[in-house]
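Results of the structural survey
Spelled out, the chains give:
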Amino acid sequence: MNAQARRPCHSVFAMNQANQEPILQISNLTKHFGGLPALDDVSFLAGRGQVTALIGPNGAGKTTLINCLTGVIRPDAGAIRFEGADIAGLPAHRVARLGISRTFQNLRIFPRLTVLDNVLCGLTVEAGASLWEALLRPPGLRHRERRLKLTALEALDAFGLADKAGWPVGVLPYGDKKRVEMARAFVSQPVLTLLDEPVAGLNPEETATVAAFIRQMRLAGKTMILVEHDMEMVMGISDHVVVLDGGRRIAQGTPDAVRHNPLVIEAYLGRMSATA
Ligand SMILES: Nc1ncnc2c1ncn2[C@@H]1O[C@H](COP(=O)(O)OP(=O)(O)OP(=O)(O)O)[C@@H](O)[C@H]1O
Ligand SMILES: [Mg+2]
């Protein structure tokens with residue numbers, strides 16, 4: 001694992017180490033639900049410091065792949081090599097500890113908690129206190145908590161949410177809730193971040209803000225997998241595009257190559273011509 005990237009940090013914009021090895025290698029990943037394939041022998045690589053987009057029509061298997069990657073569900077077959085180690089089948093908390101963070105297609109936030117507390121949830125790996133620390137609250141623990149709070153506030157600032165840090169998330173508009181999830185996904189200085197439809201339901205202005213943030217994160221050396229139906233956004237910010245249809249990988253390549261691939265046009269872009 002990249003120890004540099006997992007060290008608790010003071011800046012969400014800190015650089016990852018340059019390394020040409022693919023950070024993630026998915027090989028022959030297969031998952032069936034009730035006998036029907038949601039993922040059928042899917043393989044691809046995600047380059048370090050790159051945005052790899054995962055696109056495909058509804059039901060193509062994109063979220064299933066993210067769920068396999070994050071330990072939410074167990075693949076039936078295949079390998080998921082992250083930083084060289086096979087993580088297929090590891091439980092979600094162990095995957096998170098390796099530095100893989102995510103956002104959810106359907107928001108997973110705590111509406112009664114404040115914006116700041118929701119983002120602090122993304123730092124639970126660093127926050128872990130022993131029982132005696134929790135009881136005695138030694139200076140070291142208090143210092144750590146202050147540092148984590150500063151890190152969370154910095155992440156909120158990056159999303160223009162710092163002035164809402166004390167608000168309960170439940171009262172915020174949908175666009176703000178999506179950005180709280182993004183801030184939570186990046187606050188822990190992840191090695192790899194999986195974004196499942198981060199701009200779904202956002203207006204064009206909010207979409208542009210999220211796209212700009214993803215670009216900024218990429219410039220800072222972050223590795224991301226982006227699941228998105230917004231083709232303009234995908235084609236504008238991705239290094240590599242993988243296309244799924246019916247659980248199978250039907251194409252992959254540069255945004256330009258994928259955009260002009262007849263199989264992709266047939267399976268997906270043709271149906272989305274209004275946004276392509
Ligand atoms: N927990 C589950 N139980 C049964 N079937 C499931 C489950 N999760 C997903 N599926 C099925 O697997 C297939 C792939 O679903 P998935 O959610 O991965 O698609 P997707 O590409 O993310 O689609 P969308 O763009 O609509 O989010 C679909 O046919 C779906 O109904
Ligand atoms: Mg999905």
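Residues numbered from 1 in each chain as written. Chains lettered and ligands numbered in written order. Predicted model: local features only at pLDDT ≥ 70, side-chain atom pairs only at ≥ 80, totals over all residues. Heavy atoms only, no water.

**With respect to the coordination of the magnesium ion (ligand 2)**
Thr63 (OG1) and Gln105 (OE1) make up the full set of protein donors to the magnesium ion (ligand 2), lying at 2.0 to 2.1 Å. Of the two residues, Thr63 is situated in helix α2 (residues 62-69) and Gln105 in the loop between β6 (100-102) and α4 (115-120); the sequence distance between them amounts to 42 residues. With relative accessibility at 25%, the residue Thr63 sits in the partly exposed group. Judged by relative accessible area, which is 30%, Gln105 ranks as partly exposed. (Donors = N, O, S within 2.8 Å, 3.2 Å for Na, K, Ca; no water. Helix = DSSP H or I, 4+ residues; strand = E, 2+ residues; numbered from the N terminus. Buried < 20%, exposed > 50% of the residue type's maximum accessible area, 1.4 Å probe, protein only.)

**Comments concerning the pattern of salt bridges**
Enumeration over the complete set of coordinates arrives at 8 salt bridges. Salt-bridge contacts for Arg218 lead to Asp239; the nearest nitrogen and oxygen are separated by 2.7 Å. Of the two residues, Arg218 is situated in helix α9 (residues 204-219) and Asp239 in the loop between α10 (231-237) and β9 (240-245); the sequence distance between them amounts to 21 residues. Look at the salt bridges and you will find they share partners, linking Lys164, Asp176 and Arg179 into a network. (Salt bridge = Lys/Arg side-chain N within 4 Å of Asp/Glu carboxyl O.)

**Focus: the sheet that holds strand β10 (residues 248-253)**
The 6 strands lie next to each other as β6-β7-β8-β3-β9-β10, forming an open sheet whose pairing is mixed. Whereas interior strands pair on both sides, the edge strands pair on one side only; in this sheet they are β6 and β10. Neighbouring strand axes in the sheet, compared pairwise and without regard to direction, differ in orientation by 20° on average. The pairing of strand β3 (residues 51-55) with strand β8 (residues 223-227) spans 4 bridges and is parallel. When the sheet's bridge partners are listed, Val51 is paired in β8 with Met224. On the sheet, α2 packs against β3, β6, β7 (192-196), β8 and β9 and is oriented at approximately 145° with respect to β8. Contacts between helix α8 (residues 174-187) and the sheet are confined to β6, β7 and β8, with β7 contributing the most and set at about 165° to the helix. (Pairing = 2+ DSSP bridges. Axes fitted to C-alpha atoms, helices over the stretch in contact; angles between N-to-C directions. Contact = heavy atoms within 4.5 Å.)

**Thoughts on the nonpolar core**
For soluble globular proteins, nonpolar side chains are generally found buried alongside one another. Counting 44 residues, the largest nonpolar core has Ile55 and Ile214 as the members making the most contacts within it. The biggest single contributor to this core is α8, with 6 residues. Contact partners of Ile214, with chain neighbours within four places excluded, come to Val51, Met182, Leu195, Pro198, Met224, Leu226, Met233 and Ile237. Core analysis: the second largest hydrophobic core is formed by 27 residues, Leu24, Phe82, Leu192 and Ile225 among them. (Core = buried A, V, L, I, M, F, W, Y, C linked by side-chain atoms within 4.5 Å.)

**Some remarks on the sheet that holds strand β5 (residues 85-86)**
Pairing in this open sheet of 4 strands is antiparallel, and the strands run β2-β1-β4-β5 from one edge to the other. Two strands close off the open sheet at either side, each with one partner strand: β2 (36-47) and β5. As paired strands, strand β4 (residues 77-82) and β5 are joined by 2 bridges and run antiparallel to one another. Following the sheet pairing, Phe82 is matched in β5 by Ala85.

**A closer look at the packing of aromatic side chains**
Two descriptors summarise a pair of aromatic rings, namely the distance from one centre to the other and the angle between the planes of the rings. Evaluated as defined, the whole model comprises 2 aromatic pairs. Ring centres of Phe159 and Phe213 lie 4.0 Å apart, and the angle between their planes is 40°; this geometry places the pair in the tilted category. Separated by 54 residues along the polypeptide, Phe159 in the loop between α7 (139-158) and α8 and Phe213 in helix α9 bring together distant segments of the chain. The two residues Phe159 and Phe213 agree in class, both being buried. A centroid spacing of 5.2 Å and a plane angle of 75° characterise the contact between Phe186 and Phe213, whose relative ring orientation is edge-to-face. Of this pair, Phe186 sits in helix α8 while Phe213 sits in helix α9, and the two are 27 residues apart along the sequence. Phe213 shares its class with Phe186; the two are buried. (Phe/Tyr/Trp six-rings, centres within 6.5 Å; stacked < 30°, edge-to-face > 60°.)

Function cannot be inferred from these measures alone, as they are strictly geometric.
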